[in-house]
Amino acid sequence: MITLEIDGRTVQARPGQTILEAARAAGIRIPTLCYLEGLSPRGSCRLCLVEVANWNGKLVPACATPAEEGMRVVTGSQRLKELRRMVLELLFAERNHICSICVSNGHCELQDLACELGMDAVRFPYRFPGLSLDASHEKFVYDPNRCVLCGRCVRACSEVEGAMTWGFAGRGVNTLVEPDLGGPWGESETCTGCGKCVQACPVGALAERGVATAEQEKRPQVLAEVTERRPRV
Amino acid sequence: MPAGIEARVAELLQPYAGRPSELIQALHRVQGVLGHLPLEVQKAVARVLGVPPSQVHEVVTFYHFFRTQPVGKHVIRLCLGTACYVRGAGRVLDALREELGVDLGGTSADGLFTLEGVRCLGACGLAPVMMVDEEVYGRLTPGRARDILRGLRRG
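Residues numbered from 1 in each chain as written. Chains lettered and ligands numbered in written order. Predicted model: local features only at pLDDT ≥ 70, side-chain atom pairs only at ≥ 80, totals over all residues.

## Digging into the overall build of chain B
Next, step 1: Each helix and strand counted, chain B has seven helices and four strands in total.
Next, step 2: The N-to-C order of helical and strand elements in chain B reads α-α-α-α-β-α-α-β-β-β-α.
Next, step 3: Within chain B, the fraction of its 155 residues that count as buried is 29%. (Helix = DSSP H or I, 4+ residues; strand = E, 2+ residues; numbered from the N terminus. Buried ≥ 20, exposed ≤ 12 C-beta atoms within 10 Å, placed from the backbone.)

## Structural notes on the overall build of chain A
Next, step 1: Summing up its helical and strand segments, chain A has six helices and nine strands in all.
Next, step 2: Compactness check: chain A gives a C-alpha radius of gyration of 18 Å against a globular reference of 17 Å for 233 residues, within 12% of the reference.
Next, step 3: When its C-alpha atoms are laid out on the principal axes, chain A stretches across 50 × 50 × 35 Å.
Next, step 4: Here the analysis covers contacts within chain A between residues at least 6 apart in sequence; of these, 63% occur between residues at least 24 apart. (Rg over C-alpha atoms; globule rule 2.2 N^0.38 Å. Contact = placed C-beta atoms within 7 Å.)

## Observations regarding helix α2 (residues 23-34) of chain B
All names here are of chain B.
Next, step 1: Here α2 contains 12 residues, and its C-alpha end-to-end distance of 16 Å stays within 8% of the 16 Å for a straight helix at 1.5 Å per residue.
Next, step 2: The complete set of buried residues in α2 reads Leu23, Ala26, Leu27 and Val30. Within α2, the buried residues cover an arc of 95° as seen down the axis, which keeps them to one side.
Next, step 3: Two residues or fewer past α2, Gly35 is found with a positive phi of approximately 90°. (Expected span 1.5 Å × (residues − 1). Arc of directions from axis to C-beta.)

## Observations concerning the sheet that holds strand β2 (residues 113-118) of chain B
Residue and element names in this part refer to chain B.
Next, step 1: Read from one edge to the other, the open sheet built from four strands follows the order β2-β1-β3-β4, with strand pairing classed as mixed. Across the chains shown, the open sheet's two edge strands, defined by having one partner strand only, are β2 and β4 (135-137). Put simply, the sheet's adjacent strands are angled 20° from each other on average, direction ignored.
Next, step 2: Bridge count between strand β3 (residues 130-132) and β4: three bridges; the pairing is antiparallel. (Pairing = 2+ DSSP bridges. Axes fitted to C-alpha atoms, helices over the stretch in contact; angles between N-to-C directions.)

## As for unusual backbone geometry
Next, step 1: In this structure, the amide linkage connecting Ala127(B) to the following residue, Pro128(B), adopts the cis form with an omega of -10°.
Next, step 2: Mapped onto the secondary structure, Pro128(B) falls in the loop between β2 and β3.
Next, step 3: Even without being a glycine, Asn56(A) presents a positive backbone phi close to 65°.
Next, step 4: Residue placement: Asn56(A) occurs in the loop between β3 (49-52) and β4 (58-61).

## Thoughts on the domain arrangement of chain A
Residues and elements named next belong to chain A.
Next, step 1: The domain boundaries assigned to chain A delineate domain 1 (2-76) and domain 2 (84-229).
Next, step 2: Placing the centre of domain 1 and that of domain 2 at their C-alpha centroids yields a distance of 25 Å.
Next, step 3: Taken together, the 14 residues of domain 1 in the interface contact 22 residues of domain 2. (Domains from an automatic or database assignment.)

## Thoughts on the interface of chain A and chain B
Next, step 1: Listed by partner, the interface residues are 14 residues for chain A and 12 residues for chain B.
Next, step 2: For the side of chain A that touches chain B, the elements supplying multiple residues, two or more each, are β7 (166-169) and β8 (176-179) of chain A.
Next, step 3: Here the side of chain A that touches chain B gets four residues from one element, more than from any other, and that element is β7(A).
Next, step 4: Its residues placed into classes, the side of chain A that touches chain B shows six nonpolar, five polar and three charged. (Nonpolar A, V, L, I, M, F, W, Y, C, P; charged D, E, K, R; others polar.)

## A word on the pairing of β8(A)
Residue and element names in this part refer to chain A.
Next, step 1: Sheet topology note: the β7/β8 ladder contains four bridges and is antiparallel. The residue of β8 that forms the bridge with Gly167 is Glu178.
Next, step 2: Between β7 and β8, which follow one another and run antiparallel, lie six residues, and Gly170 among them has a positive phi close to 75°.

## Considerations on the pairing of β3(A)
All names here are of chain A.
Next, step 1: Bridging between β3 and β4 involves four bridges; their strand directions are antiparallel. Looking across to β4, one finds that Val52 is bridged to Lys58.
Next, step 2: Between β3 and β4, which pair antiparallel and follow one another directly, the connecting turn spans five residues, one of which, Asn56, has a positive phi of 65°.

## Some words on the domain arrangement of chain B
When the parts come together, some accessible area is lost, and that loss is often what is quoted as the size of the interface.
Next, step 1: By domain assignment, chain B separates into domain 1 (3-62) and domain 2 (74-154).
Next, step 2: Computed from C-alpha atoms alone, the centre-to-centre distance between domain 1 of chain B and domain 2 of chain B is 29 Å.

## Notes on the sheet that holds strand β1 (residues 2-6) of chain A
Residues and elements named next belong to chain A.
Next, step 1: The mixed open sheet is built from five strands, whose spatial order is β2-β1-β5-β3-β4. Strands at the two margins of the open sheet, each flanked by one partner only, are β2 (9-13) and β4. Neighbour-to-neighbour, the strand axes of the sheet open up by a mean angle of 40°, direction not taken into account.
Next, step 2: Bridge count for β3 against strand β5 (residues 72-74) is two bridges, and the pairing is antiparallel. Across the sheet, the residue bridging to Glu51 is Val74, located in β5.

## Digging into the packing of α2(B) against helix α3 (residues 39-49) of chain B
All names here are of chain B.
Next, step 1: Closest axis-to-axis distance for the α2/α3 pair is 11 Å, and the angle between their directions is 140°. Between α2 and α3, the angle falls in the class oblique. In the crossing of α2 with α3, the sense of the turn from one axis to the other is right-handed. For the pair α2 and α3, contact is made by Leu23, Ala26, Leu27, Val30 and Leu34 and by Val41, Val45 and Leu49, respectively. (Parallel < 35°, antiparallel > 145°, perpendicular 65-115°, else oblique. Left-handed = near helix turned anticlockwise from the far one by under 90°.)

Pasting the structure below:
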C-alpha cells in the first residue's frame, strides 16, 4: 500500500490507484467532469486539478495521476478554486449553455458544478457557435451546441460498447464530436443504438428523444455497472 | 460506393492492408494519387486497414494536409509562419488572392490553382516562401508571385 496525505489527512492507496480514487475512497470530494467510473481517465477538463505541495505546488489532474508514496495533496486552496471557476466559465462560454432552455436543466453535471463552485457569472463573452442539431437518430438527439467535449460518449462507445461510432473531428476550438465519417447519426453504419453515450453525457448534448426535460435523468453510473459485471478473462 | 474506387484504394493500400497503425501513411498515399479524400475513399481506407470510420474521420479532419475537396491542377502552399510573415508574406498573400480571385483554401475558377496557407516550410532563410506543387520559390515579392502564377498559366 501507498501512504499519502490529502488535505492533511493520511490516506492509503493501492499501487496504480489515482489521486482521485484514493480521495474518493477516503470520502474527500474532488470535482470532476470528463472523468467517469468505468471509462479510462482522460484528464482533459482540468476540473479535478489538485496541488502537490511537495512537488513545488505543481498542478496535476487527480483523475489521471497515480498516487505516490509521501505525496502531499491539496484539493481546495484558493488558487484551485479560482482556476476551477475559470475552467468552468471557459466551458460555458465555448458553446450555447443556457440552462433555462436546456433539456438537461436540473440534472446536468455542468450546472451542478457551477452551483458547487459558486460560478454566478461568466466573465468571457459566449461564442454562440450556431452548430446544427442532429435529430436523425430514431431514439436520440445530438445537439453539439451543448457539448463540452469531455469525450465520455466517445470512450463509452469505444471502450464499453465497442462500436467506435463517435470520434473527435477537427481540432482546437472547432473540434466536434461526430459519428463515423461525419454524416447524420441516424445513418450511422456502426451505431448499435445502445444509448451508452447518452447515459455517459454529463450535459444536454446527447438526450433521449421524446422525453421531457423533467424526466431526462441520466444514469452515468451504468458504465461502471456494465464494466464491473463483465467476466474477467 | 463505386466498385472502381474501392478496388483502386485496395490496390494502392496493399502494403498497409489490415494494419491500423499505418493509417496516416495510407491516407498520404491515397491522397497523393487521387488528389483528395472524398467520403467513399475514406470509407474504403477504413475497410482495407481495419479501422473504424470514426478514426479515419478524426485523422482526416485533424491534419490540415488532408483534403476532402478536390484541388486545382497546381497547389500553392504559401508560408504564413513568423519569419515569412515578417518578411512580407501578408502582401504576397494579398497579391495571390487578387490574382486568383480566391481566398485561402479556395480553388480558382479555371480549376488551375488551389491556394493554401501553411506554417513554416523549413526554409526561413528564403523568406517569404511558397511551394507550388513540389517546387519551392523563395524571396518572394508580390510582383514575383504574380509572375510565377502567370508563367504556370501559360504552361
